[in-house]
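Observations on the three-dimensional arrangement
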Amino acid sequence: MKKKQWLLIGIVWAIALLLNVAARSVNGFAEWYATGVYPFWVNTVGRLLSPLPFSIVEFLLYGSILFVLFVFLRGIFLVAKGRTRLLSAVHGAARRVALTGGILLLVFTLGGGINYQRKTFGELAGFLIEKSSVEELKALCEELVEAVNRDARHVSRNDEGICIVGSGLRGEAVEAMMRLGEQYSFLDGYYPKPKPIAISDILSYQKVTGIYSPFTLEANYNRDIPGYNLPHTLCHELSHLKGFMREDEANFISYLACIGSDVPEFVYSGNLTAFVYAGNALAGADADAYWEIRSQLAEEAEMDLAYNNWFWQQFEGPVAEAATQMNNTYLKANSQSDGTKSYGRMVDLLLAYRRSNQP
């Protein structure tokens with residue numbers, strides 16, 4: 001029995017590792033998988049779980065923690081009562097850990113891991129990513145400030161003047177992505193509804209606005225984050241369900257989806273988030289130019305940014321620092337290191353998009 005268990009463990013690990021090697025080494029394999037196989041999982045597992053209003057992966061996580069705790073305490077009890085030997089219990093635990101780890105790696109690989117090696121959104125959309133001048137970056141920031149100022153006065157706000165979003169947020173995010181799919185065929189198709197994390201403080205303490213689950217094909221989001229950031233976050237997570245796993249590319253796809261929406265809060269979210277990225281890049285390249293442009297930002301937008309800063313400052317601490325370090329390690333392990341193309345992939349794509357729309 002033990003030999004069969006180890007054989008099964010070896011097979012699971014071997015399949016998972018071979019798929020990862022193929023994605024990195026076999027030309028065209030990742031793109032074939034992302035466009036030919038991965039949509040099947042979205043259209044089956046994703047479609048099956050989408051109607052449920054809560055995040056399945058969140059409750060699987062809580063359940064797994066309780067189950068592991070139960071098994072651990074049960075093992076201690078059995079050893080203490082002499083019903084099993086300590087060495088036997090350790091070996092059994094090792095087999096369970098090895099099998100669980102292999103299954104998780106395999107499911108992660110099939111649910112999104114391979115997609116990290118696919119063609120980039122920029123390549124598929126035909127955007128030329130190149131170094132850009134500071135003048136181009138300044139022009140981009142000026143255009144984004146103009147768009148933000150136009151939108152800022154048309155969004156819903158609470159009594160304190162902070163942007164809020166309506167109850168149709170989840171459905172509109174799907175509509176925005178489907179509308180974008182009419183323009184880019186590789187974004188076309190079915191989208192499950194994004195789901196709020198019930199205990200969103202877990203994400204807030206990690207300074208995470210949303211998270212895609214490759215285990216349940218769910219787009220999850222932190223429901224506590226500032227309103228202006230919610231539409232962009234939802235569309236960002238949904239972009240992963242089309243196989244685009246790079247975070248900066250997901251940000252850009254989300255920007256396109258938001259500005260193409262008919263809902264003012266979505267348009268505002270896309271443009272303000274884009275300005276934050278472009279503005280940060282300009283601040284590093286020409287601080288004086290940045291502050292000159294920033295001074296033109298509407299008061300309503302400044303209030304939203306100030307509230308955003310206040311919100312995240314509440315969660316400063318070692319948990320956030322550790323989570324950031326772990327996330328950086330995870331991204332590097334999945335080949336999300338572009339080097340110094342110019343201003344970062346999100347801003348490079350914004351600049352490339354701007355150039356493509358110029359006569």
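To start, this report covers the structure provided alongside it. For clarity, every value in this text was computed on a predicted model and none was experimentally measured. (Residues numbered from 1 in each chain as written. Predicted model: local features only at pLDDT ≥ 70, side-chain atom pairs only at ≥ 80, totals over all residues. Heavy atoms only, no water.)

Brief notes about the environment of Lys193
Within the fold, Lys193 resides in the loop between α8 (169-181) and β1 (195-196). Between the C-alpha atoms of Lys193 and Val134, which are 59 residues apart in sequence, the distance is 39 Å. Excluding residues within four positions of it along the chain, Lys193 makes contact with Ser50, Arg170, Gly171 and Val174. (Helix = DSSP H or I, 4+ residues; strand = E, 2+ residues; numbered from the N terminus. Contact = heavy atoms within 4.5 Å.)

Side note on the packing of helix α10 (residues 230-239) against helix α11 (residues 247-259)
Where α10 meets α11, the axes come as close as 8 Å, and the angle between the chain directions of the two elements is 120 degrees. By the angle class used here, α10 and α11 are oblique. Crossing handedness for the pair α10 and α11: right-handed. Along the contact surface, α10 presents Pro231, His232, Cys235, His236 and Ser239, while α11 presents Glu247, Ala250, Asn251, Ile253, Ser254, Tyr255, Ala257 and Cys258. Of the residues contributing to the contact of α10 with α11, the split by class is seven nonpolar, five polar and one charged. (Axes fitted to C-alpha atoms, helices over the stretch in contact; angles between N-to-C directions. Parallel < 35°, antiparallel > 145°, perpendicular 65-115°, else oblique. Left-handed = near helix turned anticlockwise from the far one by under 90°. Nonpolar A, V, L, I, M, F, W, Y, C, P; charged D, E, K, R; others polar.)

Examining α8
Spanning 13 residues, α8 covers 18 Å between terminal C-alpha atoms, matching the ideal 18 Å at 1.5 Å per step. All of the buried residues in α8 are Leu169, Glu172, Ala173, Val174, Ala176, Met177, Leu180 and Gly181. Buried positions along α8 lie against β3 (218-221), α10, α11 and α12 (264-285). (Expected span 1.5 Å × (residues − 1). Buried < 20%, exposed > 50% of the residue type's maximum accessible area, 1.4 Å probe, protein only.)

A closer look at the sheet that holds β1
If you walk across this open sheet you meet the three strands as β1-β3-β2, and the pairing is mixed. Taken across any chain shown, the strands that pair with only one partner, and hence form the sheet edges, are β1 and β2 (210-213). Pairing geometry for β2 and β3, over four bridges, is antiparallel. Residue pairing in the sheet places Gly210 in a bridge with Tyr221 of β3. Against the sheet, helix α4 (residues 56-80) touches β1, β2 and β3, its axis set at about 80 degrees to β3. (Pairing = 2+ DSSP bridges.)

Side note on the nonpolar core
Counting residues in hydrophobic clusters, the biggest one holds 79 residues, and the most contacted among them are Phe121, Phe252, Tyr255 and Tyr268. When residues in this core are grouped by element, the largest group, eight residues, is from α12. With residues up to four places along the chain from it excluded, the contact list for Tyr268 reads Val148, Asp151, Ala152, Val155, Arg157, Cys163, Tyr228, Glu300, Ala301 and Asp304. (Core = buried A, V, L, I, M, F, W, Y, C linked by side-chain atoms within 4.5 Å.)

Things to note about the pairing of β3
Side chains Glu218 and Asn220 of β3 all project onto a buried face; the interleaved residues Ala219 and Tyr221 project onto the opposite face, where all are buried too. Sheet topology note: the β1/β3 ladder contains two bridges and is parallel. Within β3, the residue paired with Pro196 across the bridge is Tyr221. Between β2 and β3, which follow one another and run antiparallel, lie four residues, and Leu217 among them has a positive phi close to 55 degrees.

Honestly, that's just the spatial picture; any functional story needs more than this.
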